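Observations on chain architecture
Here is how the chains run, residue by residue.
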Amino acid sequence: MDHTTETAAHPLPPRRIGRYEITAELGRGAMGVVYKGFDPNVGRTVAIKIVQLAGGDEELIMRFRREAQAAGVLNHPNIVTIYDADEDQGVFYIAMEYVEGETLDQIIRGGPIALDMVKSIIEDVGSALDLAHDKQIIHRDIKPANIMIAGGRAKIMDFGVARLASSTATATGTVIGTPSY
C-alpha cells in the first residue's frame, strides 16, 4: 500500500504511538483503526488499535478503556492477548498480540469450510467464551469478523462492546454489537 499521499477517507497513519512504531494499516472498524506495529522495548510485532476522539467523546473513551480492561484480564490461548493500553497526545490505543492469519469472515467468503475446521473453531471460541463468562465478561459482538484463524486455531478479538456482568452501563432496550449476529 502506498502511504505517500493522504486522503480524507484514509489519512496517513502516525509513524509512532506511545513507544510503538507503526509499520502498516491492518483494518478499520467501528471504534477505530488497527495498525501493525513494532514494540522496540521487547522486539516484537504487535497490533495497535487506536481511536482519535474529536471533542472528547466520553462514552467512546469509556468503551475503549473497557475493551482493554475486559480483554486484559483474560489469559487464554483463544483470546488475543492485550499488552498495553494508554493515551498519547489525545489518541487512545491498545497494543495487543499480532496474529498472522485471516478472519473467519474472510474464510467464509472463500466457500464451504471443512467440517473438522468448523468443529475446531466452535471448540476454540466456546472455550474462550467459557473463560470470559467465568470472569463475568460478556463479549456481546461475536461474529466472523471478530474471530481470527491462524495455524488452524481460532482467536477472539475486539472486546470493544464487552460488558462486565455486574455493569449497568447499557440501558434496557439498547442494541449493542452487530444486530445481524
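Scroll up a little and you will see the structure.
This text gives an overview of the structure that appears in the document. None of these values were measured; they are calculated from a predicted model.

**Points about the sheet that holds strand β10 (residues 153-156)**
The antiparallel open sheet is built from three strands, whose spatial order is β7-β9-β10. Strands with a single pairing partner mark the edges of an open sheet, and in this sheet they are β7 (102-103) and β10. When strand β9 (residues 147-150) meets β10, the two strands line up antiparallel, connected through four bridges. Across the sheet, alanine 150 pairs through a bridge with arginine 153, a residue of β10.

**So, unusual backbone geometry**
Phi is positive for glutamine 89, close to 55°, though the residue is something other than glycine. Secondary-structure assignment places glutamine 89 in the loop between β5 (82-88) and β6 (91-97).

**A few points about the pattern of salt bridges**
Two side chains with opposite charge may pair up if their charged atoms get near one another. Summed over all chains, the structure comprises nine salt bridges. Note that lysine 155 is salt-bridged to glutamate 97, the shortest N-O span being 3.1 Å. Highlighted residues: lysine 155 in strand β10 and glutamate 97 in strand β6, separated in sequence by 58 residues. Accessibility expressed as a relative area gives 16% for glutamate 97, which makes it buried. Via salt bridges that share partners, Arg19, Asp39 and Asp84 belong to a single interconnected network.

**So, the packing of aromatic side chains**
In the structure shown here, the tally under the stated rule is one aromatic pair. A ring pair is formed by tyrosine 20 and tyrosine 93, whose centres lie 5.9 Å apart and whose planes are at 75°; its orientation type is edge-to-face. On the criterion of sequence distance, the pair formed by tyrosine 20 in strand β2 (residues 20-28) and tyrosine 93 in strand β6 is long-range, its members being 73 residues apart. Of the residues examined, tyrosine 20 reaches a relative accessible area of 0% and is grouped as buried. The ring of tyrosine 83 carries the charged tip of arginine 44 above its face, separated from the ring centre by 3.6 Å.

What counts, and where the lines are drawn
- Residues numbered from 1 in each chain as written.
- Predicted model: local features only at pLDDT ≥ 70, side-chain atom pairs only at ≥ 80, totals over all residues.
- Heavy atoms only, no water.
- Pairing = 2+ DSSP bridges.
- Helix = DSSP H or I, 4+ residues; strand = E, 2+ residues; numbered from the N terminus.
- Salt bridge = Lys/Arg side-chain N within 4 Å of Asp/Glu carboxyl O.
- Buried < 20%, exposed > 50% of the residue type's maximum accessible area, 1.4 Å probe, protein only.
- Phe/Tyr/Trp six-rings, centres within 6.5 Å; stacked < 30°, edge-to-face > 60°.
- Lys NZ or Arg CZ within 6 Å of the ring centre and 35° of its normal.

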